[in-house]
Amino acid sequence: MQRTIKRIIFFGLLIIIWQAAVKILNVSPALMPAPTDVVKALTTGFEDKTLIYDILASFRRLAIGLLIAIIIGFCLGILLAKNKTADETLGTLILALQSVPSIVWLPIAIMWFGLNESSVIFIVILGATLVITINMRIGIKNVPPLYIRAAQTMGSGGIDLFAKVILPASVPYAVTGIRLGWAFAWRALMAGEILSTGPGLGYTLKYASDFGNMSMVIGIMIIIGVIGTIVDIIFFQRIEQNVIRRWGLETSK
């Protein structure tokens, strides 16, 4: 509760300073609009439902891309963890690709799929798959050998050992991978939508920028940041904390 109050006070002071600085320095709205101008732009966008359609379109692309990324990431992570040859070859490639920003793939995506929905979803999948794969691999690799030996002494082996011991023990890493995958996918989505044909938050951001509507540009940037923070704190952090607590990984304070 105290942390929330501190955040509210901080952002309140930040807005007051922002408003005062713009008015005192007489900054042009085309360069840096005041918070009141941003609020007006956002109000207009929500009243005519433009921003509502944009948010829904962005979340639909994100949901499709992230779901596919989770499936591919889990499968690749398991493959790399259980197959040494794949880990030494494909694993090295995945680590190399992890350092490549998602936006770099956009020209290739446009050439392969065209300037449409598929290219944006492709960027989202790439943005999330690699980090999920790496975390899934680490989770399986880090299963305590004691768990495996204890299960083997009780007659467990093969698929049964994997399904009942190895996979459950790697769940905390998998959850962390999904959380990181969401963050990477959200950023990749915004980058991809900037060059899309809309609708979407990224598309409207670029559209507003082209027409010099800086109030809407900053407003959409705020929406992107707020959505990312809310989803991470309210949804993913809670799931991660519950998993950590349930698996007995919580450190004593």
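Since the structure is predicted, the reported quantities are computational estimates derived from the model, not experimental observations.

## Thoughts on a nonpolar patch on the surface
On the surface, Ile 5, Ile 9, Leu 13, Ile 16 and Ile 17 cluster together into a nonpolar patch covering about 500 Å² of accessible area. On the secondary structure map, Ile 16 appears in helix H1 (residues 2–25).

## Considerations on the UniProt feature "transmembrane region" (unreviewed entry) in the protein chain
Within this numbering scheme, the UniProt entry marks residues 7–25, 62–81, 93–114, 120–140, 161–182 and 214–236 as carrying the feature "transmembrane region" (unreviewed entry). Each end of residues 7–25 is marked by a C-alpha atom, and these two atoms are 27 Å apart; helix forms 100% of the span and strand 0%.

## A short note on the environment of Thr 50
Among the structural elements, Thr 50 can be located in helix H3 (residues 50–82). For the pair formed by Thr 50 and Leu 161, sequence separation is 111 residues and the distance between their alpha carbons is 52 Å.

## Examining the pattern of salt bridges
Under the defined criterion, the tally for this structure stands at seven salt bridges. The partner of Glu 117 in a salt bridge is Arg 61, and the shortest N-O contact between them spans 3.1 Å. One end of the pair, Glu 117, is in helix H6 (residues 117–141); the other, Arg 61, is in helix H3, with 56 residues separating them in the sequence. We note a salt bridge from Glu 193 to Arg 61, for which the minimum N-O separation is 2.5 Å. Remark: Arg 61 occurs in helix H3 and Glu 193 occurs in helix H9 (residues 171–194); sequence separation between them is 132 residues. Each of the two residues, Glu 193 as well as Arg 61, counts as buried.

## Notes on H6
Look at H6: 36 Å from first C-alpha to last across 25 residues, which is about the 36 Å you get at 1.5 Å a residue. Judged by how many residues are buried, H6 sits mostly within the fold: 20 of 25 residues are covered. Of the residues that open H6, the one with a side-chain oxygen 3.1 Å from the backbone nitrogen of Ser 118 is Asn 116.

Rules and cut-offs
- Residues numbered from 1 in each chain as written.
- Predicted model: local features only at pLDDT ≥ 70, side-chain atom pairs only at ≥ 80, totals over all residues.
- Heavy atoms only, no water.
- Patch = residues over 30% accessible without salt bridge, like charges linked within 9 Å, V, L, I, M, F, W, Y side chains within 5 Å.
- Areas by Shrake-Rupley, 256 points an atom, 1.4 Å probe, with all protein chains shown as cover.
- Salt bridge = Lys/Arg side-chain N within 4 Å of Asp/Glu carboxyl O.
- Helix = DSSP H or I, 4+ residues; strand = E, 2+ residues; numbered from the N terminus.
- UniProt positions renumbered as here; feature names shortened; annotations may be inferred.
- Buried < 20%, exposed > 50% of the residue type's maximum accessible area, 1.4 Å probe, protein only.
- Expected span 1.5 Å × (residues − 1).
- Polar contact = N/O pair within 3.5 Å; in protein donor to acceptor, adjacent residues only side chain to side chain.

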